[in-house]
Amino acid sequence: MRTTRSRETYAGLAGEFNPTPRMIYEMMIRPRWLMALLRNGYPRFATIAHYAQSKNTNEIIRYARQRMGGAFSWEEVARYRDAWKARWR
């Protein structure tokens, strides 16, 4: 089951992207970030857009939430742990 992480909720990614007054305030107090946003547009999920067959951010978020798992199985945890241990020996 895909979980909603607190950082996703805080960033506005728990559902459709709808900037709140707080998000707009936080954008305004970070001028370098805001200038990058104005120059490049808001973040896009370019690696997922192809699979979602859409360039609309809200549609891509919806697609990702429907199809991507959010939790690792214990087998995956063991595999990553073993790979990490092997790398740092």
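For the structure itself, consult the block above.
Residues numbered from 1 in each chain as written. Predicted model: local features only at pLDDT ≥ 70, side-chain atom pairs only at ≥ 80, totals over all residues. Heavy atoms only, no water.

Remarks on the overall build of the protein chain
Spelled out, the test is: The secondary structure listing takes helices from DSSP runs of H or I that are at least 4 residues long and strands from runs of E that are at least 2 residues long, numbered from the N terminus. Any pair of residues with heavy atoms lying within 4.5 Å of one another is described as a contacting pair.
Counting its regular elements, the protein chain contains six helices and zero strands. Starting at the N terminus and walking to the C terminus, you meet the elements of the protein chain as α-α-α-α-α-α. In the protein chain, of all internal contacts separated by at least 6 residues, the share reaching a separation of at least 24 is 39%.

Observations regarding the packing of aromatic side chains
Just so we agree on the cut-off: Centre distance within 6.5 Å is the pairing criterion for rings of Phe, Tyr and Trp, where only the six-membered ring of Trp is used; planes under 30 degrees apart are then read as stacked, over 60 as edge-to-face, and the remainder as tilted. Look at NZ for Lys and CZ for Arg. If either is within 6 Å of the ring centre and within 35 degrees of the ring normal, a charge sits over the ring.
Applying the stated criterion to the full structure yields zero aromatic pairs. For the cation-ring pair, Arg79 lies above Tyr80, with the distance from its terminal atom to the ring centre recorded as 5.2 Å. Seen from the ring of Trp88, Arg87 lies directly overhead, with NZ or CZ sitting 5.0 Å from the centre.

Here we look at the nonpolar core
Threshold: Among buried residues, those of type Ala, Val, Leu, Ile, Met, Phe, Trp, Tyr and Cys that are joined through side-chain atoms within 4.5 Å constitute a nonpolar core. We call a residue buried when its accessible area falls under 20% of the maximum for its residue type, exposed when it is over 50%, and partly exposed in between, using a 1.4 Å probe and counting protein chains only.
Ile48, Ala49, Ala52, Ile60 and Ala64 form the largest nonpolar core, which has five residues in total. Those elements giving two or more residues to this core turn out to be helix H4 (46–52) and helix H5 (57–67). Counting residues per element, this core draws most heavily on H4, at three residues. If sequence neighbours within four positions are ignored, Ile60 has contacts with Phe45, Ile48, Ala49, Ala52, Ser54 and Lys55.

Focus: the pattern of salt bridges
Using the following cut-off: We define a salt bridge as a contact between a side-chain nitrogen of Lys or Arg and a carboxyl oxygen of Asp or Glu at a distance within 4 Å.
Scanning all chains against the criterion turns up two salt bridges. Between Arg22 and Glu26 there is a salt bridge, with its nearest N and O atoms 3.2 Å apart. Taken as a pair, Arg22 and Glu26 lie in helix H2 (residues 21–28) at a separation of four residues, close to a single helical turn. Where Asp82 meets Arg81, a salt bridge forms, and the shortest distance between an N and an O atom there is 3.9 Å. A relative accessible area of 42% places Arg81 in the partly exposed class.

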